[in-house]
Amino acid sequence: MKKILLVEDDSSLSFLLADNLENAGYKIVMASDGEKAWGLFCQQNFDLILCDVMLPRLDGFSLGEKIKAKNPEIPLIYLSARGEKDDRIKGLKLGADDYMSKPFSIEELELRIQIALKRGQNATLITDQAAIYQVSEFNLDFKNLILDGPEGKQRLTPKEAALLRLFFHNPNQVLKREEILIKLWGRDDYFLGRSLDVFISRLRKYLSSDPNLKVTNVPTVGFKLETPHPNTSL
């Protein structure tokens, strides 16, 4: 039975979600504010976090940052009445797996929970098996989220490391946008595509010290890591 931390200050919605998710086979622990949720997260083990954005005492984005800093691989889904693009993109950039605007159906929520849990399990398997990737002047320590290059070491976020690993594992090959989105987030949509563009910009900055490496756009298709030194190691 998967254990979910549900962080929602609307008690009626919280009990409704908890009741439906428990009927679907999940164990639910509820918190009504960000500080209480953080305390529960530090005391117990959870398989997934469902988190409202507008919370008392500690807002959902700040809580998500703390949670991801402590456990980068735990799936996190934001629930919010605010559906603005900037909020959705901010949540995804913080490492969230999904962002659902209220109102939403229980059936859709359950499906997105299943996808996020599956992605989390796959990420754990990848992390356990990964070692060092070497391309040109860079070494990627995927498990420890470290990129070591000509200008020193760079600490990566889990999503940055996963994206860079995908490029390092497929040098000089075109990676389709939808392929990248599905591998990293479990689905392909507009908001995740915007978030992917942000991550691509970050990787270009990290790799800029090596003139032999370049992440190029392939119009209407995706991206390609171009390098004359494509050797990688696992």
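All of these numbers come straight from a predicted model, not from anything done at the bench.

(A) Structural view of the pairing of strand β9 (residues 152–155). Pairing of strand β8 (residues 146–149) with β9, which is carried by four bridges, proceeds in the antiparallel orientation. Looking at the pairing, leucine 147 lines up with glutamine 154 of β9. As consecutive antiparallel partners, β8 and β9 are separated by two residues.

(B) Seen up close, the nonpolar core. Counting 31 residues, the largest nonpolar core has Leu163, Phe167, Phe168, Ile180 and Leu207 as its most contacted members. For this core, the secondary structure elements donating two or more residues are β6 (132–135), β7 (138–141), α6 (158–169), α7 (177–185), α8 (190–207) and β12 (222–226). Per element, the largest residue contribution to this core is seven residues, and it comes from α8. Sequence-distant contacts of leucine 207, that is, excluding residues within four places in its chain, are made with Phe138, Leu147, Leu164, Phe168, Leu213, Val215 and Leu225.

(C) Representation of the side chain of aspartate 87 within the structure. One can find aspartate 87 in helix α4 (residues 85–93). If sequence neighbours within four positions are ignored, aspartate 87 has contacts with Phe61, Arg82 and Tyr99.

(D) Region of the structure containing the sheet that holds β6. Strand order across the open sheet formed by four strands is β6-β7-β8-β9, with antiparallel pairing between neighbours. Looking along the sheet, the strands with just one partner apiece sit at the ends: β6 and β9. Sheet twist, expressed as the mean angle between neighbouring strand axes with direction ignored, is 20°. Sheet topology note: the β7/β8 ladder contains three bridges and is antiparallel. When the sheet's bridge partners are listed, aspartate 141 is paired in β8 with isoleucine 146. Seen against the sheet, α6 touches β6, β7, β8 and β9 and runs at an angle of roughly 125° to β7.

(E) Summary view of the confidence of the model for the protein chain. Averaged over every residue, the pLDDT of the protein chain is 87; the share at 70 or more is 92%. A low-confidence stretch, residues 124–129 (pLDDT under 50), is modelled with five contacts involving residues beyond four sequence positions or located in other chains.

(F) Here's a closer look at helix α2 (residues 34–43). What α2 keeps buried is the set Gly34, Ala37, Trp38, Leu40 and Phe41. For α2, the buried positions fall inside an angular range of 165° around the axis, keeping them on one side. Summarising the contacts, the buried residues of α2 are in contact with β1 (3–7), β2 (27–31), β3 (48–52) and α3 (60–70). You can read the cap of α2 off the contacts: a side-chain oxygen lies 3.0 Å from the backbone nitrogen of glutamate 35, and it is on aspartate 33.

(G) Summary view of unusual backbone geometry. Residue lysine 102 is joined to proline 103 through a cis peptide bond whose omega torsion reads 0°. Tracing the sequence through the fold places proline 103 in the loop between β5 (98–101) and α5 (106–129). Despite not being glycine, arginine 57 shows a phi value in the positive range, around 75°. With respect to the helices and strands, the residue arginine 57 is situated in the loop between β3 and α3. A relative accessible area of 65% means that arginine 57 is categorised as exposed. Phi is positive for leucine 145, close to 60°, though the residue is something other than glycine. Position of leucine 145 relative to the elements: it lies in the loop between β7 and β8.

Analysis parameters
Residues numbered from 1 in each chain as written. Predicted model: local features only at pLDDT ≥ 70, side-chain atom pairs only at ≥ 80, totals over all residues. Heavy atoms only, no water. Pairing = 2+ DSSP bridges. Helix = DSSP H or I, 4+ residues; strand = E, 2+ residues; numbered from the N terminus. Core = buried A, V, L, I, M, F, W, Y, C linked by side-chain atoms within 4.5 Å. Buried < 20%, exposed > 50% of the residue type's maximum accessible area, 1.4 Å probe, protein only. Contact = heavy atoms within 4.5 Å. Axes fitted to C-alpha atoms, helices over the stretch in contact; angles between N-to-C directions. pLDDT = per-residue confidence, 0-100. Arc of directions from axis to C-beta. Polar contact = N/O pair within 3.5 Å; in protein donor to acceptor, adjacent residues only side chain to side chain.

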